[in-house]
Amino acid sequence: MINNELDISIAHLLFQERRLAYAMSDAALRVVRLGGELSLFGCADKDCVGLSVYDLVPELIGSEQEMDNILAGRQPRFELSWLNRDGEERTLYLNLINLPHRDAAGQINGLVHLLEDNTSVGETGQHLVQQRNELRLLRDQLLRQNQHLASFNAELKRMDEMKSMFVSIAAHELRSPLTSINGYLEMLLEGMFGALSQAQEEALHIIESSVKHLISITSNLLDATRLEAGRVELILVPSALPLLVQKVVTEMMPQLEAKEQVIEMTIAPDLPPVLCDRMRTLQIIGNLLDNACKYTARGGHISINLALAAEPGFALLAVSDTGVGISANDQLRLFNRFFRAESAYLTSEAGTGLGLHIARGLIELHGGRIWLESAVGRGTTFFVTFLIADEDSG
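Predicted model only: the values in this text are computed from it and were never measured. (Residues numbered from 1 in each chain as written. Predicted model: local features only at pLDDT ≥ 70, side-chain atom pairs only at ≥ 80, totals over all residues. Heavy atoms only, no water.)

> A description of helix α8 (residues 278-294) should follow, citing residues and the corresponding values.
Counted at 1.5 Å a residue, the expected span for α8 with its 17 residues is 24 Å, and the 24 Å between its end C-alpha atoms agrees. Buried residues dominate α8, accounting for 13 of its 17 residues. Where α8 starts, the residue carrying a side-chain oxygen 3.2 Å from the main-chain nitrogen of Met279 turns out to be Asp277. (Helix = DSSP H or I, 4+ residues; strand = E, 2+ residues; numbered from the N terminus. Expected span 1.5 Å × (residues − 1). Buried < 20%, exposed > 50% of the residue type's maximum accessible area, 1.4 Å probe, protein only. Polar contact = N/O pair within 3.5 Å; in protein donor to acceptor, adjacent residues only side chain to side chain.)

> So what about the packing of helix α6 (residues 198-229) against helix α10 (residues 355-365)? Which residues, and what values?
Taken N-terminus to C-terminus, the directions of α6 and α10 make an angle of 45°; their axes are 10 Å apart at the nearest point. Judged by the angle between their axes, α6 and α10 are oblique. In terms of crossing hand, the pair formed by α6 and α10 is left-handed. Taking contact as the criterion, the partners of Asn220, Asp223, Ala224, Leu227 and Glu228 in α6 are, on α10, His357, Ile358, Gly361, Leu362 and Leu365. For the contact of α6 with α10, the per-class residue count stands at five nonpolar, three polar and two charged. (Axes fitted to C-alpha atoms, helices over the stretch in contact; angles between N-to-C directions. Parallel < 35°, antiparallel > 145°, perpendicular 65-115°, else oblique. Left-handed = near helix turned anticlockwise from the far one by under 90°. Contact = heavy atoms within 4.5 Å. Nonpolar A, V, L, I, M, F, W, Y, C, P; charged D, E, K, R; others polar.)

> Please provide a residue-by-residue account of a nonpolar patch on the surface, values included.
A contiguous nonpolar patch, built from Phe152, Leu156 and Met159 and spanning about 310 Å² of accessible area, is present on the exposed surface. Its relative accessible area of 46% is what places Met159 among the partly exposed residues. (Patch = residues over 30% accessible without salt bridge, like charges linked within 9 Å, V, L, I, M, F, W, Y side chains within 5 Å. Areas by Shrake-Rupley, 256 points an atom, 1.4 Å probe, with all protein chains shown as cover. Salt bridge = Lys/Arg side-chain N within 4 Å of Asp/Glu carboxyl O.)

> Residue-level account of the packing of aromatic side chains, with values.
Evaluated as defined, the whole model comprises three aromatic pairs. Residues Trp82 and Tyr93 carry aromatic rings whose centres are separated by 6.4 Å and whose planes lie at 75° to one another, so their mutual orientation is edge-to-face. Placement of the pair is Trp82 in strand β3 (residues 78-86) and Tyr93 in strand β4 (residues 91-102), with a sequence separation of 11 residues. Take Trp82: its relative accessible area is 42%, and that puts it in the partly exposed class. (Phe/Tyr/Trp six-rings, centres within 6.5 Å; stacked < 30°, edge-to-face > 60°.)

> Give me helix α4 (residues 64-71): which residues, what numbers.
Taken residue by residue, α4 has Met67, Asn69, Ile70 and Leu71 as its buried positions. Elements that come into contact with the buried residues of α4 comprise α3 (53-56), β3, β4 and β5 (108-117). Positioned one or two residues after α4, Gly73 has a phi angle of 80°, which is positive.

> So, the packing of α8 against α10: which residues are in play, and what are the values?
The geometry of α8 relative to α10 is characterised by a closest axis approach of 10 Å and an angle of 145° between their N-to-C directions. Considering how the two elements wind past one another, α8 and α10 form a crossing that is left-handed. Residues Arg280, Gln283, Ile284, Asn287, Leu288 and Asn291 of α8 form the contact with α10, whose participating residues are Gly355, Leu356, Ile358, Ala359, Leu362 and Ile363. Tallied by class, residues from the contact of α8 with α10 come to seven nonpolar, four polar and one charged.

> Could you give an account of the sheet that holds β3, naming the residues involved and the relevant values?
Strand order in the open sheet made by the five strands is β2-β1-β5-β4-β3, with antiparallel pairing throughout. The strands lining the two open edges of the sheet, one partner per strand, are β2 (31-36) and β3. If you compare each strand with its neighbour and ignore which way they point, the axes differ by 20° on average. Where β4 meets β5, nine bridges bridge the pair, whose relative direction is antiparallel. (Pairing = 2+ DSSP bridges.)

> Got a sec to walk through the sheet that holds strand β11 (residues 370-374)? Specific residues and values, please.
Strand order in this open sheet of five strands is β7-β9-β10-β12-β11, and the pairing throughout is mixed. Looking along the sheet, the strands with just one partner apiece sit at the ends: β7 (262-267) and β11. The average angle at which neighbouring strand axes cross in this sheet is 15°, direction not considered. Bridging between β7 and strand β9 (residues 301-308) involves six bridges; their strand directions are parallel. Bridging across to β9, Thr266 finds its partner in Asn305.

> Hey, could you go over the pairing of β4 for me, with residue numbers and the actual values?
Bridging between β3 and β4 involves seven bridges; their strand directions are antiparallel. Looking at β4, one finds that Leu80 is bridged to Leu96. Connecting β4 to the antiparallel partner β5 that follows it, the hairpin turn spans five residues, and Gly106 within it adopts a positive phi of roughly 85°.

> Account for the nonpolar core, naming residues and giving values.
One finds Leu241, Val245, Leu288, Leu317, Leu334, Phe382 and Phe386 to be the most contacted residues of the largest nonpolar core, which totals 41 residues. Counting 26 residues, the second largest nonpolar core, distinct from the first, contains Ala23, Val53, Ile70 and Leu111. (Core = buried A, V, L, I, M, F, W, Y, C linked by side-chain atoms within 4.5 Å.)

> Residues and numbers for the pattern of salt bridges, please.
A full pass over the atoms with the stated rule returns six salt bridges. A salt bridge links Arg77 to Glu79, with the nearest nitrogen and oxygen atoms 2.6 Å apart. Salt-bridge contacts for Asp330 lead to Arg333; the nearest nitrogen and oxygen are separated by 3.8 Å. A relative accessible area of 44% places Arg333 in the partly exposed class.

Nothing here speaks to function; it is geometry throughout.
Written as structure tokens, this is what we have:
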């Protein structure tokens, strides 16, 4: 007797702990007994005994055939999942299992209806469904945004192409008359149309300087658009880099002397030829030296060093000055098109912000790279690498 009562007590504890309830019905499917966590059924023991199981669990309505099959032994069990019940604080999710009940002789004399509280699993499932739906909405929003961005980028690309085309056409149209004007200015200055007074000659020199500046701008605009369009072709030949540097220095000597700047060049012995397009390399060197001259004060110092690069297979050109220098923030954007460092405005020198942009594009076409070291007020050093020509390049 004690053992039986103990077993019942343990079973009751287990039912409560696992939140299980059961109801037993007879062959007529009338409730004859209940136990466990009766709150899951929504009624007390005395209130539910005698009820039809279809009143106790309305969700069984429509499953009469399955109930008959279990009673007849044709079906071992029947389950219903995720039944909803309104709890005191939240919705409950229940699983119902219907099993045959047998008498001492093994004959089916009713059914056992087990009700299990699966709320924690159900809530997790609901959260997962909700999160999945939210993720689906976010995915759809991202897809729409990506489509908008793709459309916007396509429009930006089209506008950029139109702008590049306009710049190219404008530069072409400007360069022809500017070249003609420059030619006539040279003829006037040479006295081909008669002698000039000193005042006339000075005025023409000013005009000539402005025309050459405009020609330089149009050339830079054309180079920039060609680089962006991939329409710059190089003629790579083995070349003596010191000779190319010396040519640029010679051409710039009047400009350097006008500012009383000192320039020196150091060349490593036995420096091998580099593989480059000579005209474009002169342009790169000229840009770097022109910048060094423009942004270095009168009486400043400029140095050019040629040596083997630390990177195997490359020669290194370094152009240093004692000029205004460039801030760390500006160095990040220095090679961007049309960008000029803030320190450049400390001088009276004009510029378009295209020279270094073009230089980097040409250097990268050569297979080299460009970088700099600088600090405001302490000058700047630009480093450029050129591929060394192998024996078969010539």
